[in-house]
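A closer look at the structure
Listed below, chain by chain, are the residues.
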Amino acid sequence: MLIVADENIPLLDSFFSDFGDIRRVSGRELSPDQVRDADVLLVRSVTRVNRDLLEGSRVRFVGTTTIGTDHVDRFWLESQDIHFCAAPGCNANSVVEYVLAVASLHASRRGLSNWARQSVGIVGAGNVGGLLAQRLERLGFTVVLCDPPRQQAQFDGLDEPSATEFSSLEQALECDLVTLHTPLTRDGEHPTYHLLGAQELATLRSDQLLINSGRGEVIDNAALLARLQQPDAPTVVLDVWENEPKIDPQLLQQVWLGTPHIAGYSLEGKVHGTETIYRALSRFLGLPVRKQAGQYLPQPPLSKLAFTSSAGDDAIQLALHNCYDPRRDDARLRLSMAGDEQQRAQAFDRLRKEYPVRRECSSLKIQLKGSSKSMGEQFRSLGFKVNI
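What you are looking at is a predicted structure, and each value in this text was computed from that prediction instead of being measured.

Quick notes on the packing of aromatic side chains
Here a ring pair, both rings aromatic, is described through the centre-centre distance and the interplanar angle of the planes. Under the definition given, this model contains eleven aromatic pairs. Ring geometry for Phe16 and Phe19: centres 6.1 Å apart, planes at 45°, overall tilted. As far as burial versus exposure is concerned, Phe16 and Phe19 are alike and both buried. Grouped by ring-pair contacts, the aromatic residues Phe15, Phe16, Phe19, Tyr278 and Tyr296 constitute a single cluster. One cation-aromatic arrangement involves Arg186 over Tyr193; the distance from NZ or CZ to the ring centre is 4.2 Å. Against the face of Tyr324 rests Arg358, its NZ or CZ located 4.1 Å from the ring centre.

The structure is reproduced here in structure tokens:
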């Protein structure tokens, strides 16, 4: 069996070498000739999987180690009896921790003594948005959820009844923090392509924070650039961009923080994505599942933080920043934007390919000595391991 796989998928040999030979390829530049003799294709979001790529090949299984599937023509794969599997939710926790780290930095920037005294509008309540809402509510934030498709499904009785209350996009955009977690859709009753255009961006205030770590095309980037050049512009953080990897350097100059599509790039998130596809391929081939992500995760470089009874409310934010500080990724992206458009695009992809190991909060043990019980609960809400 021949497996053609994006070279940036982690632990390819560990999970897939038992199945057959592995041919590593550049996901961005993958061509039909490279997959013609493959039995299995493993990709990330940078590869368009459709008729143009696979027609005439012998591929029978396609797996994407990502939560999104808008880069895959699923209807064509189904028509060709090609099995497909994605990894929904694999890096949801990583993206949630990215948003929390940004929110923490923003609170410090504004001089807020209690970062939870803010409202957060979450647009898109799927794996990422739903998990983020749970974390924020446990921390005491006021959360406003906007997800028209899910709201409609509940109204029509297509989803299980729940206590979730949904609000309009307009209501979500009134919150102190607005964070986007929708898939990219261009058709249907609720398309998300350019969901935030000039009209929606004009409603945002200068004291608001807008974060996009979902899909770049959900925001009209040209309209956003124009909005950010106005004196009353909101603060904006972008992890995803239109026209990746050829992002607009002018837009990067205008945003507060810019990162190269790495919100979901924790080691845990990436390895769970690989594990999900490994499990799916095992089931497809009728083979037992013998491997799991935990056996391949190394010891983290920082494994323990200790706080004494004098620790204040900023202890949580300090721990978050020790796990992940987006300012480092922002600095690397800005430094890479030299040269012409093609050189900048190559640099953007290189930042993702050579991304340093980033661990999640669950890798860090928090020792609390004489601290309050509520502080311990807050740490646990973020996923830290706590000893009191």
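Further notes follow.
Observations concerning the nonpolar core
With 51 residues, the main nonpolar core has Tyr98, Leu100, Trp115, Ile366, Phe379 and Phe384 as its most contacted residues. Counting residues per element, this core draws most heavily on helix α5 (residues 92-110), at eleven residues. Setting aside residues no more than four positions away along its own chain, Phe384 makes contact with Ala319, Leu320, Cys323, Cys361, Leu364, Ile366 and Phe379.

Observations concerning the environment of Leu11
Examined against the element boundaries, Leu11 turns out to sit in the loop between β1 (2-6) and α1 (12-16). According to the relative accessible area criterion, Leu11 is partly exposed, its value standing at 26%. Sequence separation between Leu11 and Ser372 is 361 residues; the distance between their C-alpha atoms is 41 Å. Excluding residues that lie within four positions of it along the chain, Leu11 makes contacts with Val271, Thr274 and Tyr296.

Some words on the pattern of salt bridges
Tallying each qualifying case throughout the model produces 21 salt bridges. In this structure, the salt-bridge partner of Lys246 is Glu341, at a minimum N-O distance of 3.9 Å. Note that Lys246 is positioned in the loop between β10 (235-238) and α11 (249-254) and Glu341 in helix α15 (residues 341-353), a separation of 95 residues in sequence. Overall, Glu341 belongs to the partly exposed group, its relative accessible area being 43%. Where Asp330 meets Arg334, a salt bridge forms, and the shortest distance between an N and an O atom there is 2.9 Å. Of this pair, Asp330 and Arg334 are both found in helix α14 (residues 326-335), four residues apart, which corresponds to roughly one turn of the helix. Residue classification places Asp330 among the buried residues on the basis of a relative accessible area of 9%. According to the relative accessible area criterion, Arg334 is partly exposed, its value standing at 30%.

Concerning the packing of α5 against helix α13 (residues 314-323)
Running from amino to carboxyl end, α5 crosses α13 at an angle of 130°, the nearest separation of the two axes being 10 Å. Taken together, the axes of α5 and α13 are oblique relative to one another. Our pair here, α5 against α13, has a crossing hand that is left-handed. Between α5, through Leu100, Ala101, Ser104, Leu105, Ala107 and Ser108, and α13, the contact on the second element is made entirely by Gln317, Leu320 and His321. Partitioned by chemical class, the residues of the contact of α5 with α13 number five nonpolar, four polar and no charged.

Concerning the sheet that holds strand β6 (residues 119-123)
Two orientations exist for strands paired in a sheet by backbone hydrogen bonds: parallel and antiparallel. Read across the sheet, six strands follow the order β7-β6-β8-β9-β10-β11 without closing on themselves; strand pairing throughout is parallel. Across the chains shown, the open sheet's two edge strands, defined by having one partner strand only, are β7 (142-146) and β11 (257-258). Bridging between strand β8 (residues 177-180) and strand β9 (residues 209-212) involves four bridges; their strand directions are parallel. If you follow Thr179 over to β9, its bridge partner there is Ile211.

Regarding unusual backbone geometry
A cis amide bond links Glu244 to the next residue, Pro245, at an omega of 5°. Within the element layout of this structure, Pro245 appears in the loop between β10 and α11. At His194, a position not held by glycine, the phi torsion is positive, near 55°. Mapped onto the secondary structure, His194 falls in the loop between β8 and α9 (198-202). On the basis of relative accessibility, which here comes to 24%, the residue His194 falls in the partly exposed class. Despite not being glycine, Asn243 has its phi angle at roughly 65°, a positive value. Looking at where Asn243 falls in the secondary structure, it is placed in the loop between β10 and α11.

Rules behind the numbers
Residues numbered from 1 in each chain as written. Predicted model: local features only at pLDDT ≥ 70, side-chain atom pairs only at ≥ 80, totals over all residues. Heavy atoms only, no water. Phe/Tyr/Trp six-rings, centres within 6.5 Å; stacked < 30°, edge-to-face > 60°. Buried < 20%, exposed > 50% of the residue type's maximum accessible area, 1.4 Å probe, protein only. Lys NZ or Arg CZ within 6 Å of the ring centre and 35° of its normal. Core = buried A, V, L, I, M, F, W, Y, C linked by side-chain atoms within 4.5 Å. Helix = DSSP H or I, 4+ residues; strand = E, 2+ residues; numbered from the N terminus. Contact = heavy atoms within 4.5 Å. Salt bridge = Lys/Arg side-chain N within 4 Å of Asp/Glu carboxyl O. Axes fitted to C-alpha atoms, helices over the stretch in contact; angles between N-to-C directions. Parallel < 35°, antiparallel > 145°, perpendicular 65-115°, else oblique. Left-handed = near helix turned anticlockwise from the far one by under 90°. Nonpolar A, V, L, I, M, F, W, Y, C, P; charged D, E, K, R; others polar. Pairing = 2+ DSSP bridges.

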